[in-house]
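# Remarks on the overall topology
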Amino acid sequence: MKKIIYNTFSNSPKIKSCLNRLFLGNLDTISGFGASAKAMLVSYIAQKYDIPVVVVSPNAVKALSFQNKLDIISEKNSVYFTQQEASPYQEVFSDAQVLKEELETLRRFKSGQVDVLVMPAQALLNIYPDNKFYDKHSLKIELNKEYDISKLAEKLVGIGYRRVSLVTDVGEFSARGDILDVFPISENPVRIEFWGDQVESIRYFDVETQRTVEKTDLTIIEPRYKIVIEDRQEFQNLLKTAYLEHKKNIQPEFNQTLDAWFDNITTSLETELYFEGIEYFSSFLNQGYNTIFDFLPANALVIFDESHEVMTKLELQHKKYIDDYHQIYTEGLALPLPGLNHLDFTVLQDNFKKLKLLNLDSFIGSDDELQGFINCSLVPRLTPGSDDFCDYITDLKNEGYKLIFTTQYPQRVQEILSNCGIDIEKPLKSGFGKKNDPQEPHFTLLKCDLTEGFVSSDLKLALVTDVEMFNRKVKKPTLAKRIARKENIDYIDSINDLQINDYVVHLTHGVGKYVGLSKQEIDDQQKDYLTIE
């Protein structure tokens, strides 16, 4: 089977017209698409034009859902952008693992290793140290060169790494005899073995198994935090000057609070260089910063998934950051900063003007001249196998539609379609087919988990999912669910998961064996019933 989606979008005059106008600068919005259709369009654009794409969704849940859909339908490599949960104005430790993932993802996208980057809107407000910061403070270790292990350990502490007996987390290092293990912010864990002072081997290893993953001639260890304190006393003097200046301006009732807060900061700085909340003070030492826009390739297309929601989220989040920041320093719980710890909203808007930007909106906006509209609606929820269901599917076929059925229960759906007079020989296990298949059928049955169908008269395409066929509830994706897998869990989500000869418990009759579905007529209506013996 050919790439049905790719061919369908390629053959649509409206899609051709909209995208031609987009790249000529005469269009910035396409309206009408729902979630699954948007993901198909993004996949098509990334493949057709072979360009990097950034999808910005209003929040993390919608971004995860969008990326999950791309995983299913697209041949392009898509990645969800994980970001810190804490505000940049909270005096807490940043999550080292998340910072590592952020930097790795952005660098992979910039280098072309990621095709589609999906992120929540809030991530656009992030700022990172600039290249000069990393060039200046990163620790470079090369094979066959000589180093003093004790001095390397001192330098690692100086750039924010914590010494431990056994490395398990990002931002840790251990020195045992002639072996130095480091878990950098920008690489896999690295083991450096010495012969005397000479580096004899450098290899990346797996923390769990301790086995070598890859050997290398060079490793670069970047600072753990977004700040590096080279001179403790000088940094303390900077903070004291800012404290004394702030003390002149703060309301008298907050003087005592400010004094107690500064005493605590001074004590923390004397006992440990990188105390909790140290990154709040980054702008005291860092002269420049990078934003997510600095990691975008020149030909990248940025797509807003519901532009009004995205812009509203950005404006509100910026305001919340400013309000939080203003509250803590006016109440004596922090110092005013030389610069913000996030990207100002007005600067963000200026960055948008430099981008190739496309809004994907469900509804038509006010400026029709720069909009394209694709007719796309939801699939009605009809009882599978009913006359209405069969008539609906047959009518779509007769009107020249391609129909894609996506389900977790392909055998059950195959039976339903067969009862409607539609024969599909073999459901595909997953994915949306290969380019070289000789024929493109009217009906395609795929085993996968899309959660929103649609029917588009402009595309002559219909997508029908378990949500429409079985009224299955849509569960919101979470970061934990991206990692967790359910293969080894013994419960079922739906009666469609039942297998012949499975034991079941009937509420009235007790334990029995499931032997299949049977049709029975009750009150002049034929319905499917579970048969238990």
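Residues numbered from 1 in each chain as written. Predicted model: local features only at pLDDT ≥ 70, side-chain atom pairs only at ≥ 80, totals over all residues. Heavy atoms only, no water.

### Observations regarding the overall build of the protein chain
Secondary structure summary: the protein chain contains 16 helices and 24 strands in total. Put simply, of all contacts in the protein chain between residues at least 6 apart along the chain, 71% involve residues at least 24 apart. Taken as a whole, the protein chain presents about 27,600 Å² of accessible surface, with 47% of it coming from carbon and sulfur. (Helix = DSSP H or I, 4+ residues; strand = E, 2+ residues; numbered from the N terminus. Contact = heavy atoms within 4.5 Å. Areas by Shrake-Rupley, 256 points an atom, 1.4 Å probe, with all protein chains shown as cover.)

### So, helix 12 (residues 345–352)
Within the span of helix 12, buried status applies to F345, L348, N351 and F352. Viewed end-on, helix 12 has its buried residues packed into an arc of 110°, placing them on one side of the element. Contact partners of the buried residues in helix 12: strand 15 (301–305) and helix 11 (307–330). (Buried < 20%, exposed > 50% of the residue type's maximum accessible area, 1.4 Å probe, protein only. Arc of directions from axis to C-beta.)

### Digging into helix 9 (residues 255–271)
Taking 1.5 Å per residue as the helical rise, helix 9 with its 17 residues ought to reach 24 Å, and the 25 Å between its terminal C-alpha atoms agrees with that figure. Those residues of helix 9 not exposed but buried are L258, W261, F262, I265, T266, S268 and L269. Taken end-on, helix 9 shows its buried residues confined to a sector of 160°, consistent with a single buried face. For helix 9, the exposed residues lying more than 90 degrees away from the buried face are Q256, E270 and T271. The inward-facing, buried residues of helix 9 abut helix 8 (232–249). (Expected span 1.5 Å × (residues − 1).)

### Regarding the sheet that holds strand 20 (residues 454–456)
The four strands lie next to each other as 19-18-21-20, forming an open sheet whose pairing is mixed. Two strands bound the open sheet, and with one partner strand each, they are strand 19 (443–447) and strand 20. Across the sheet, the axes of successive neighbouring strands diverge by a mean angle of 15°, strand direction being ignored. Of the strands in this sheet, strand 18 (402–407), strand 19, strand 20 and strand 21 (461–464) are in contact with helix 13 (residues 387–398), which crosses strand 18 at around 135°. (Pairing = 2+ DSSP bridges. Axes fitted to C-alpha atoms, helices over the stretch in contact; angles between N-to-C directions.)

### Points about the pairing of strand 21
Regular strands place their side chains on alternate faces of the sheet. Here strand 21 shows a buried face lined by L461 and L463 and a second buried face lined by A462 and V464. Pairing between strand 18 and strand 21: four bridges, direction parallel. Across the sheet, residue K402 finds its bridge partner in strand 21, namely L461. With three bridges joining them, strand 20 and strand 21 adopt antiparallel strand pairing. Across the sheet, residue S456 finds its bridge partner in strand 21, namely L461.

### A few points about the environment of K247
If you trace the backbone, K247 turns up in helix 8. Residues K247 and D259, twelve residues apart in the sequence, show an inter-C-alpha distance of 8.6 Å. Among all residues touching K247, those that are not within four sequence positions of it are N255, L258 and D259. Side chain to side chain, K247 and N255 meet in a polar contact 3.3 Å long. Separated by 2.8 Å, the side chains of K247 and D259 make a polar contact. (Polar contact = N/O pair within 3.5 Å; in protein donor to acceptor, adjacent residues only side chain to side chain.)

### Thoughts on the side chain of R191
Counting through the fold element by element, R191 comes out in strand 10 (residues 190–195). Overall, the relative accessible area of 8% leaves R191 in the buried class. At a separation of 2.7 Å, a polar atom in the side chain of R191 contacts the side chain of D181. Residues contacting R191, with those up to four places away along its chain left out, are R176, I179, L180, D181, S201, I202, R203, F205 and Q210.

### Some details on the sheet that holds strand 1 (residues 29–31)
Pairing is parallel in the open sheet, where seven strands are placed in the order 3-4-2-15-16-1-17. In this open sheet, the two edge strands, each paired with only one partner strand, are strand 3 (78–80) and strand 17 (371–373). For this sheet, the mean angle separating the axes of adjacent strands, direction not counted, is 20°. Pairing analysis gives five bridges linking strand 15 to strand 16 (residues 356–361), with the strands arranged parallel. Bridge pairing links D305 to L360 in strand 16. The sheet contacts of helix 5 (residues 96–110) involve strand 2 (53–57), strand 3 and strand 4 (116–120), and relative to strand 4 the element is tilted by about 145°.

### Quick notes on unusual backbone geometry
Of note, the phi angle at D50 is positive, near 50°, even though the residue is not glycine. In this structure, K460 takes a positive phi of about 55° despite not being glycine. K460 gets classed as partly exposed once you look at its relative accessible area, which sits at 34%.

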